[in-house]
Amino acid sequence: MSISRLARIPLRSPSRSYATTAGLNAIARPKAENLSATWKGTSATGGNTKNFIGGAFVDSKTAQWHDVLDPSTQTLLTRVPETTMEEFDQAVDAASQAFKSWSKQSVLARQRFAIELQYQIRQNADALAHSIVLEQGKTLADAHGDVLRGLQVVETAIGITSNIVGEKLEVSKDMDTEVRKLPLGVCASIAPFNFPAMIPLWTIPLATVTGNTLILKPSERDPGAAMIIAELCARAGLPEGVVNVVHGTVPVVNRICDHEAIKAVSFVGGDRAGRHIYERATKNGKRVQANLGAKNHAVIMPDANKNLALNSIIGAAFGAAGQRCMAVSVAVLVGAAQSWLPELVERASKLNVSGGFEKGADLGPLISPASKARVTGLIASCADEGGRIHLDGRNVQVPGYPAGNFVGPTVLEGTVGMRCYREEIFGPVLTVITSDTLDDALDVINENKYGNGAVIFTQSGATARKFESGVNVGQVGINVPIPVPLPMFAWSGNKGSVLGDIGFYGKSGINFYTQNKTTTSLWRQEDAIGNKASVDMPTHH
């Protein structure tokens, strides 16, 4: 998913100076000021982000702070604490205490929280989206999409009264076996920078409606949406301590993996961090679900609807500046479809790169200067290794945003041996490769180490059937560019894109946050004490 690493980002130093909110333009500044004035746990005007522990927003006593900068202007928005060990233990203690009562609440009471939470999110979607644009850099429309896809999980969680029902069977005369799903205890969620609202909302609703309590660690790069969601949980009536929010990097992640009270860990992020978390947490006996990197292919057949295919690929490759785990990062042009490359390049060149609040913006900046440097380095590697750069976004100029982390849409042509193909770029870069046949295209996809998703564009049902049957990825799209399942289903990436065998949301999400308890009982009918009295003459038998 995200390419963020567990390495510590630079901490705030007295010698560093950034623009204050004056560095934001006239569109962004009032939104930042409104966020700071309205919400208790976050700031978009240079103040400190707080921990959320036991139902209260608490100032951290840490000496280490991380700066969150607007990626369009490098304006300082907030300072995020490296939560101390004492504060982390307080959060876990609060969650442990809350579990004792929350787990005993009826499923109807927990459902009521989900109903109220979806209402609060709808009422405050603008604030969540504004925070995402400021801290993460998405366009406003894309930020609203981030919120909406998370909201859909909340709405699905409302169905918990039907989805958590147990099983019961009379296995012998008067003997019953019953299976119930019970909560695990304190769980943890480690979220990435690229979906600041959606990923926390993959975990909060399902963890809580199943009776668990939760420690959430949002990305230190853009925690504002998570802090707003925490406040919305409180407004929705969630008892104190059921959801807690802490912040930080490697030390806090390691505490999550090591703390004996935490029973399960959800993670979305990069390969290196995901492997570390999976190995460390499972070694400590925890259940772990981890979504990692991806390299998603789109196969374009010669019989495809050309307009649909090209527009779909452009949207899936360059939306969110390519910072999506399900972005199409490789286009496989099969046979005569190879002649469509010039038109693909032409359409991509017309996309508008700008600040996220600007009207008409198609994609915004990358999350950080380091991400920009990595993406531009991978673009350069294509030419260095003998590939072609058909559209080069490295030197894009964005009026009004001279300091932004912008990379424009980029189209490369290469081979499977090149770095631009092998590595997850996580930027607005589409690598094009060619194939003579569908069989060749399938071989390319199946040999790739990642398995989040793959799509095909064709007007042939037989071709689509062959692709769907033969491709080895977890999520398949047929004339659909980003085949992420809605939350009544479960996330189903495979191969090197996942660790752990229980997916996010859907039925898998409920299974992840519960454990089965099986009870077998015997109550003989003939032992009932309410039998009718006999008035017959007693006799010996």
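Please read these numbers as outputs of a predicted model, since none were measured by experiment.

### Let's talk about the pattern of salt bridges
Moving on, step 1. Counted under the stated rule, the structure contains 16 salt bridges.
Moving on, step 2. In this structure, aspartate 142 and arginine 324 form a salt bridge, with 2.9 Å as the shortest nitrogen-oxygen distance. Of this pair, aspartate 142 sits in helix 5 (residues 140–157) while arginine 324 sits in the loop between helix 11 (306–318) and strand 14 (328–334), and the two are 182 residues apart along the sequence. Accessibility classification places aspartate 142 together with arginine 324 in one group, the buried group.

### Considering the pairing of strand 16 (residues 410–413)
Moving on, step 1. Where strand 15 (residues 388–391) and strand 16 come together, 3 bridges link them in antiparallel fashion. In the sheet register, isoleucine 389 faces strand 16, and the bridge partner there is leucine 412.
Moving on, step 2. As paired elements, strand 16 and strand 17 (residues 429–435) share 4 bridges and run parallel to each other. Across the sheet, threonine 410 pairs through a bridge with valine 429, a residue of strand 17.

### Brief notes about the packing of helix 4 (residues 125–136) against helix 5
Moving on, step 1. Two numbers describe how helix 4 lies on helix 5: the axes approach to 8 Å, and their chain directions differ by 120°. Regarding the angle of helix 4 to helix 5, the classification is oblique. When the axes of helix 4 and helix 5 are compared, the crossing they make is right-handed. Residue-level inspection shows Ala125, Asp126, Leu128, Ala129, His130, Ile132 and Val133 of helix 4 in contact with helix 5, the latter providing Leu140, Ala143, His144, Asp146 and Val147.
Moving on, step 2. Broken down by class, the residue content of the contact of helix 4 with helix 5 amounts to 8 nonpolar, 2 polar and 2 charged.

### What to know about unusual backbone geometry
Most of the time, phi is negative for any residue but glycine, and the peptide bond is trans.
Moving on, step 1. Of note in this structure, glutamine 74 is not a glycine but carries a positive phi near 65°.
Moving on, step 2. Structurally, glutamine 74 is set in the loop between strand 4 (65–69) and strand 5 (76–81).
Moving on, step 3. According to the relative accessible area criterion, glutamine 74 is buried, its value standing at 17%.
Moving on, step 4. In this structure, asparagine 479 is a non-glycine residue whose phi angle is positive, near 60°.
Moving on, step 5. With respect to the secondary-structure elements, asparagine 479 resides in the loop between strand 20 (475–478) and strand 21 (494–495).
Moving on, step 6. Of the residues examined, asparagine 479 reaches a relative accessible area of 29% and is grouped as partly exposed.

### Brief notes about a negative patch on the surface
Moving on, step 1. A surface patch of negative charge is lined by Asp436, Asp440, Asp443 and Glu447.
Moving on, step 2. Tracing the backbone shows aspartate 436 in the loop between strand 17 and helix 15 (438–447).
Moving on, step 3. Among the residues examined, aspartate 436 registers a relative accessible area of 63% and is labelled exposed.

### Points about the side chain of threonine 213
Moving on, step 1. In this structure, threonine 213 sits in strand 9 (residues 213–217).
Moving on, step 2. There is a polar contact of 3.0 Å between the side chain of threonine 213 and the backbone oxygen of alanine 95.
Moving on, step 3. Threonine 213 has contacts with Ala95, Ala98, Phe99, Trp102, Gly185, Val186, Cys187, Gly241 and Val242, leaving out every residue within four places of it along the chain.

### Things to note about the confidence of the model for the protein
Moving on, step 1. With 96% of its residues at a pLDDT of at least 70, the protein reaches an overall mean of 95.
Moving on, step 2. Confidence drops under pLDDT 50 across residues 1–19; counting only partners more than four residues distant or on other chains, this segment forms 64 contacts.

### Thoughts on helix 10 (residues 271–283)
Moving on, step 1. Taking 1.5 Å of rise per residue, 13 residues should cover 18 Å, and helix 10 covers 18 Å from first to last C-alpha, within 8% of that figure.
Moving on, step 2. Among the residues making up helix 10, those that are buried are Asp271, Ala273, Gly274, Ile277 and Ala281. Axial view of helix 10: buried residues confined to an arc of 160°, hence all on one face. Counted as exposed and oriented over 90 degrees from the buried face of helix 10: Arg272, Glu279 and Lys283.
Moving on, step 3. With its phi angle positive at about 85°, glycine 285 sits one or two positions after the end of helix 10.

### Topic: the sheet that holds strand 6 (residues 167–172)
Moving on, step 1. Spatially, 3 strands are ordered 6-7-23 in an open sheet, and the strand pairing comes out antiparallel. The outermost strands of the open sheet, each flanked by one partner alone, are strand 6 and strand 23 (514–522). Between one strand axis and the next, the sheet turns by 25° as a mean value, whatever way the strands run.
Moving on, step 2. For strand 6 and strand 7 (residues 175–183), the ladder comprises 5 bridges, and the chain directions are antiparallel. Pairing of serine 172 across the sheet is with methionine 175, part of strand 7.

### A word on the UniProt feature "domain: Aldehyde dehydrogenase" (unreviewed entry) in the protein
Moving on, step 1. UniProt records the feature "domain: Aldehyde dehydrogenase" (unreviewed entry) for residues 57–518 in the present numbering.
Moving on, step 2. For residues 57–518, helix accounts for 40% and strand for 22%, while the C-alpha atoms at its two ends are 40 Å apart.

### As for a nonpolar patch on the surface
Moving on, step 1. There is a patch of nonpolar side chains on the surface, built from Leu486, Met488 and Phe489 and spanning about 320 Å² of accessible area.
Moving on, step 2. Along the chain, methionine 488 turns up in the loop between strand 20 and strand 21.

### Focus: the sheet that holds strand 17
Moving on, step 1. Spatial ordering of the open sheet is given by 15-16-17-14-13-19-20, a layout of 7 strands whose pairing is mixed. Each having just a single partner strand, strand 15 and strand 20 make up the two edges of the open sheet. If you compare each strand with its neighbour and ignore which way they point, the axes differ by 25° on average.
Moving on, step 2. Pairing analysis gives 5 bridges linking strand 14 to strand 17, with the strands arranged parallel.

What counts, and at which threshold
- Residues numbered from 1 in each chain as written.
- Predicted model: local features only at pLDDT ≥ 70, side-chain atom pairs only at ≥ 80, totals over all residues.
- Heavy atoms only, no water.
- Salt bridge = Lys/Arg side-chain N within 4 Å of Asp/Glu carboxyl O.
- Helix = DSSP H or I, 4+ residues; strand = E, 2+ residues; numbered from the N terminus.
- Buried < 20%, exposed > 50% of the residue type's maximum accessible area, 1.4 Å probe, protein only.
- Pairing = 2+ DSSP bridges.
- Axes fitted to C-alpha atoms, helices over the stretch in contact; angles between N-to-C directions.
- Parallel < 35°, antiparallel > 145°, perpendicular 65-115°, else oblique.
- Left-handed = near helix turned anticlockwise from the far one by under 90°.
- Contact = heavy atoms within 4.5 Å.
- Nonpolar A, V, L, I, M, F, W, Y, C, P; charged D, E, K, R; others polar.
- Patch = residues over 30% accessible without salt bridge, like charges linked within 9 Å, V, L, I, M, F, W, Y side chains within 5 Å.
- Areas by Shrake-Rupley, 256 points an atom, 1.4 Å probe, with all protein chains shown as cover.
- Lys, Arg positive; Asp, Glu negative; His and termini not counted.
- Charge placed at Lys NZ, Arg CZ, Asp CG, Glu CD.
- Polar contact = N/O pair within 3.5 Å; in protein donor to acceptor, adjacent residues only side chain to side chain.
- pLDDT = per-residue confidence, 0-100.
- Expected span 1.5 Å × (residues − 1).
- Arc of directions from axis to C-beta.
- UniProt positions renumbered as here; feature names shortened; annotations may be inferred.

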